[in-house]
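# Observations on the three-dimensional arrangement
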Amino acid sequence: MKLLVTGGAGFIGSNFVRYVLRERADWHIDVFDALSYAGNMANLEGLDKNRFTFTHADICDENAINDAVSSCDAVVHFAAESHNDNSLVSPWPFINTNLVGTFRVLEAVRKYDKRLHHISTDEVYGDLELDDPAKFTPETPYNPSSPYSSSKAGSDHLVRAWVRSFGVKATISNCSNNYGPFQHVEKFIPRQITEIIEGRKPKLYGNGLNVRDWIHTEDHSSGVLAILEKGVIGETYLIGASGERSNKQVVELILELMGKDPSNYEHVNDRPGHDLRYAIDASKLVKELGWHPKYTEFNSGLKDTIEWYRNNKSWWEPQKKYTEEKYRSVGR
Ligand code: NAD
Ligand code: DAU
């Protein structure tokens, strides 16, 4: 198998590359990545150079993506602009990469008749009330809230249309909030860990009662591999590990695990349009493809993640200053 992984130098993509190279000894991976602010070659350090190649290019570049797709067996498409807060300041890169870029990937797999797995998010479904007994399922109507989530929703619609109209062999997965090593410090969990390491207080948006459904990134990887190998063409699978927690609970736990007073955080301005709650029903993936998450203890996964940030200061320090400057400019 020669796999093309777009966005493979980002957080989830690089964890997926590491996972697949470990789990499938005879596979080769070509990482295709534009190295935006979120892409980092250091995320791929230490991997066997005989088993992966790197193409530095943009998925919106028709010739580059066609070349890469033509010489692979299958594509897993992670490349995206991924951060909601950025999409509220500057939506265009989200429209360009997530919609135009996905269109280019689809045209390339159509031209060369290659298998595609498209990575998406639970945010396409909008949000739930805190006491809503229902969770997101593949049948939940799309109702995205932000420029980021609406661009991902649009990319899912493009994939479905290319399957139906052109017979493209694609599957889609919509996953909940990932945590783990190599996540950019703009995101919630790494931001709070690194704020504490640098001697500042963690920052909760609004009242902190918004709920996210946390999954370790390695469990996301195992779900994607299961779908790539066993998923039914044209189907959508939701990936989640029953990890619902309020942001306040997560911040208090991080403080506790780092030996600090759990009430030593501050409230900052809320995110405009802030989704209240996400929750995934992953039973289709469990029942039909036999997938199970491995990291079912959030506390222990979080503890390992804190350790990773403590031990890899040189990885995150270059991102930290400009990220906090960006947040300061919007009062968050
Ligand atoms: P990330 O921002 O850490 O990484 C994105 C990667 O894509 C980077 O390496 C970047 O350089 C690359 N990239 C961006 N624009 C590109 C372009 N035009 N051409 C080629 N490469 C480009 O993102 P992430 O958190 O790892 O998310 C990866 C995927 O998973 C995204 O599609 C995202 O929507 C989805 N997702 C993320 C989460 C989460 O919790 N982070 C949850 C569910 C789904
Ligand atoms: O649900 C999947 C999505 O999860 C992915 O599609 C996105 O790519 C990924 O970024 C993530 O989106 P969120 O907006 O949920 O993640 P973020 O880490 O930005 O924020 C998580 C929650 O924490 C959210 O309710 C906002 C809040 N927050 C965030 C930051 C950065 C804070 O309270 N304080 C903060 O400093």
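Along each chain, residues carry numbers from 1 onward, in the same order as the chain's sequence is written. As a convention, the first chain written is A and the first ligand written is 1, with the rest following in written order. pLDDT decides what is reported in this predicted model: residues at 70 or higher carry local features, side-chain atom pairs at 80 or more are listed and counted, and totals for whole chains, interfaces and linings draw on all residues regardless. Water and hydrogen atoms were dropped before computing side-chain values, which therefore reflect all heavy atoms in the structure.

## What to know about the site of ligand 2
Selection criterion: Being near a molecule or strand, for a residue, comes down to having at least one heavy atom within 4 Å of it. We define a polar contact as two N or O atoms separated by no more than 3.5 Å, with the added condition that, inside protein, one atom must be a possible hydrogen donor and the other a possible acceptor, whereas residues neighbouring each other in sequence contribute only through side-chain atom pairs. Note on areas: these come from Shrake-Rupley sampling with a 1.4 Å probe, and a residue is covered only by the protein chains present in the view. In this description a helix means any DSSP run of H or I spanning at least four residues, a strand means any run of E spanning at least two, and both kinds are numbered starting from the N terminus. Only Asp, Glu, Lys and Arg are considered charged, only Ala, Val, Leu, Ile, Met, Phe, Trp, Tyr, Cys and Pro nonpolar, and every remaining residue, Gly among them, polar. Where each domain begins and ends follows an automated or database-derived domain assignment.
Every one of the 25 residues lining ligand 2 counts as a neighbour, but T121, D122, Y148, R271 and H274 are closest to it. Note that an oxygen atom of ligand 2 is positioned 2.8 Å from one of the side-chain N or O atoms of R191. N247 places a side-chain nitrogen or oxygen 2.9 Å from an oxygen atom of ligand 2. Protein contact buries 95% of the 690 Å² of open area that ligand 2 shows by itself. Looking at the shell around ligand 2, the elements that each hand over two or more residues are α6 (188-197) and β8 (203-205). Among the residues forming the shell around ligand 2, the class breakdown is seven nonpolar, 10 polar and eight charged. Taken together, domain 1 (2-179 + 214-239) and domain 2 (188-211 + 243-277 + 296-321) each give at least three residues to the shell around ligand 2, which thus spans both.

## Quick look at the environment of H77
Convention followed: What makes two residues a contact is simply this: any of their non-hydrogen atoms within 4.5 Å.
Of note, H77 is situated in strand β4 (residues 74-77). Taking C-alpha positions, H77 is 32 Å from L130, a pair spaced 53 residues apart along the chain. With near-sequence residues (within four places) excluded, H77 lies in contact with T6, I59, T102, V105, L116, H117, H118 and I119.

## Quick word on the packing of helix α8 (residues 247-257) against helix α10 (residues 298-311)
What counts here: Fitted lines through C-alpha atoms give the axes, limited to the stretch in contact for helices. The angle between two N-to-C directions lies from 0 to 180 degrees. Just so you know how the angles are binned, under 35 degrees is roughly parallel, over 145 roughly antiparallel, 65 to 115 roughly perpendicular, and the rest oblique. By convention, the crossing between two helices is left-handed when the near helix turns anticlockwise from the far helix through less than a right angle, and right-handed when the turn is clockwise.
Packing of α8 against α10 leaves a shortest axis separation of 10 Å and a crossing angle of 60°. Relative to α10, the element α8 lies oblique. For the crossing formed where α8 meets α10, the hand is right-handed. On α10, the residues that touch V250, L253, I254 and L257 of α8 are F298, N299, L302, K303 and I306. When the residues that make up the contact of α8 with α10 are grouped by side-chain class, the tally is seven nonpolar, one polar and one charged.

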